Amino acid sequence: MSDITVTQIEMALSHVDDPDLGQSLTSLGMIENIKIDGKQVAFDLVLTTMGCPMKHKMKDDCINAIHEYVDPEAVVEVNLTAKPQPPQPSKEELFPNVKNIILVASGKGGVGKSTVAANLAMALAQTGASVGLADADIYGPSMPIMFDLSEADIYGEQHDGKTYMSPIEKYGIKLMSIGFLVEADKALVWRGPMASNALRQLLTETWWGEIDYLVVDMPPGTGDVQLTVAQTMPVTGAIIVSTPQRVALSDVVRGVEMFQTDGINIPVLGFVENMAYFTPAELPNNKYYIFGREGCVDLAKKMNIPMLGQIPLVQSIAEASDSGRPVALVVDKATPESEAFRQLADNTIREICKINATR
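This text gives an overview of the structure that appears in the document. On a predicted model such as this, the values are computed, not experimentally measured, just so you know.

Along the chain, Lys174 falls in strand β9 (residues 173–177). Between the C-alpha atoms of Lys174 and Leu283, which are 109 residues apart in sequence, the distance is 37 Å. From its side chain, Lys174 meets the backbone oxygen of Trp208 in a polar contact 2.8 Å long.

Before going further, it helps to examine the packing of aromatic side chains. A complete count under the given rule lists four aromatic pairs for this structure. Both rings, one in Phe278 and one in Tyr288, keep their centres 6.5 Å apart while their planes meet at 40°; by these two values the pair is tilted. Of the two residues, Phe278 is situated in strand β12 (residues 268–278) and Tyr288 in the loop between β12 and α9 (295–303); the sequence distance between them amounts to ten residues. Directly above the ring of Tyr277 sits Lys287, whose terminal nitrogen or CZ lies 4.5 Å from the centroid.

With that settled, the discussion passes to the pairing of strand β6 (residues 156–159). Put simply, side chains in a regular strand alternate between the two faces of the sheet. Two strands pair when backbone bridges link them, and β6 and strand β7 (residues 162–165) are joined in this way by four bridges, in the antiparallel orientation. If you follow His159 over to β7, its bridge partner there is Lys162. As consecutive antiparallel partners, β6 and β7 are separated by two residues, and within that stretch Asp160 has a phi angle of approximately 55°, a positive value.

As a further point, take the sheet that holds strand β2 (residues 40–47). Pairing is mixed across the open sheet formed by three strands, whose spatial order is β1-β2-β3. A single partner strand is all that each edge strand has here, and the edge strands are β1 (31–37) and β3 (75–82). On average, adjacent strands in this sheet sit at an angle of 15° to one another, irrespective of strand direction. Across eight bridges, the pairing between β2 and β3 is parallel. Its bridge partner being in β3, Gln40 is matched across the sheet by Val75.

This part takes up the pattern of salt bridges. Taken as a whole and judged by the stated rule, the model has nine salt bridges. A salt bridge links Lys99 to Asp212, with the shortest nitrogen-to-oxygen separation between them at 3.3 Å. Separated by 113 residues along the polypeptide, Lys99 in strand β4 (residues 98–105) and Asp212 in strand β10 (residues 211–217) bring together distant segments of the chain. The structure contains a network of salt bridges with shared partners spanning Lys113, Asp137 and Asp217.

A word on the nonpolar core. Counting 85 residues, the largest nonpolar core has Leu103, Val216 and Phe271 as its most contacted members. The contact partners of Phe271, leaving out residues within four places of it in the chain, are Ile240, Val252, Val256, Cys296, Leu299, Ala300, Met303, Ile305, Pro306, Met307, Leu308 and Gly309. Leu13, Met30, Ile31 and Ile34 belong to the second-largest nonpolar core, a separate cluster that totals 24 residues.

Here the focus is helix α11 (residues 336–358). The terminal C-alpha atoms of α11 lie 34 Å apart, and with 23 residues this matches the ideal 33 Å at 1.5 Å per residue to within 8%. The complete set of buried residues in α11 reads Glu337, Ser338, Ala340, Phe341, Leu344, Ala345, Asn347, Thr348, Ile349, Glu351, Ile352 and Ile355.

Once that is clear, we can look at the sheet that holds strand β11 (residues 237–242). Spatial ordering of the open sheet is given by β8-β9-β5-β10-β4-β11-β12-β13, a layout of eight strands whose pairing is mixed. A strand with exactly one partner marks an edge of an open sheet, and here the two such strands are β8 (168–170) and β13 (307–313). Averaged over neighbouring strand pairs, the angle between their axes works out to 25° when direction is ignored. Bridge count for strand β5 (residues 131–135) against β9 is five bridges, and the pairing is parallel.

Between helix α4 (residues 113–126) and α11, the least distance of the axes is 9 Å, while the angle of their chain directions is 75°. By the criterion of interaxial angle, the relationship of α4 to α11 is roughly perpendicular. For the pair formed by α4 and α11, the contact residues are Thr115, Val116, Asn119, Leu120, Ala123 and Leu124 on the first element and Phe341, Arg342, Leu344, Ala345, Thr348 and Ile349 on the second. When its residues are assigned to classes, the contact of α4 with α11 shows eight nonpolar, three polar and one charged.

Reading the values: the criteria
Residues numbered from 1 in each chain as written. Predicted model: local features only at pLDDT ≥ 70, side-chain atom pairs only at ≥ 80, totals over all residues. Heavy atoms only, no water. Helix = DSSP H or I, 4+ residues; strand = E, 2+ residues; numbered from the N terminus. Polar contact = N/O pair within 3.5 Å; in protein donor to acceptor, adjacent residues only side chain to side chain. Phe/Tyr/Trp six-rings, centres within 6.5 Å; stacked < 30°, edge-to-face > 60°. Lys NZ or Arg CZ within 6 Å of the ring centre and 35° of its normal. Pairing = 2+ DSSP bridges. Axes fitted to C-alpha atoms, helices over the stretch in contact; angles between N-to-C directions. Salt bridge = Lys/Arg side-chain N within 4 Å of Asp/Glu carboxyl O. Core = buried A, V, L, I, M, F, W, Y, C linked by side-chain atoms within 4.5 Å. Buried < 20%, exposed > 50% of the residue type's maximum accessible area, 1.4 Å probe, protein only. Contact = heavy atoms within 4.5 Å. Expected span 1.5 Å × (residues − 1). Parallel < 35°, antiparallel > 145°, perpendicular 65-115°, else oblique. Nonpolar A, V, L, I, M, F, W, Y, C, P; charged D, E, K, R; others polar.

Below, the structure is given as structure tokens:
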């Protein structure tokens, strides 16, 4: 048989894929320093980390590929190595000018978490604070509708030689949502890692500038996407939204446990009981406890967690969200609904001050 060539080795190794990335080792640039001496073949297999659990499988696959496609008698030496990775920026370095990050979360969907997040951000802005709102509900972004920005376009801006996305400003709030980047009528069919990576990019590659509060509307649940946010951002504290129903309250407990897990350790600022009671417009002083009475209040006492606010179930809140003008946006005079969110904002600020004072 004729002498083995570098091209033959490269062609053979093009049949070997990284098991995690699904691309060939050659296309990923993981094969370097090929050396040939007769039937002796040696090269470097460059890993992202020496702790890669699949390194021995890739080494064996490389040897088998050369035996199959080049020469079954070749003596193959694979040198496992890894390039040093550049140090990753800390969470604080990723958000250098954001003073406080507030996660608005829920254990389950349908409790009005996004409505609370939008109106909390609006109420904070009404105090004169500079506020950002990140729509991290990757599968069901709703902020484009709640702020009447469905047709908004995202532009870039340069900072320190890097291009960032510019948030859209409305009502004095800086907004960013995955909904600005995808078609409104297209479903996002993403597996967990894809959703987590997209969300990490959305949060870290937006130029938030200097703001006092960044409110993050989290997706419901306690899975990978929630952990990504918690581990990517220097979070000040989390707010958990629930309705008074027992079935919703059981998910609240799981949400608290997630934030208190070792390695996350995010303070829970408090609970918000949404749809706490129904008040008809024609009977503003009447309260009807459709979903149960003060279930979230009782749970807050039991778990020794602050109760930040109770939001009534009134038609005006839903109508305001659908029209793109959150009910907490007070123009002429305050309403009972806007007052509920103002109280929520005041209580949230108070709890944040307590946490910051102990750091």
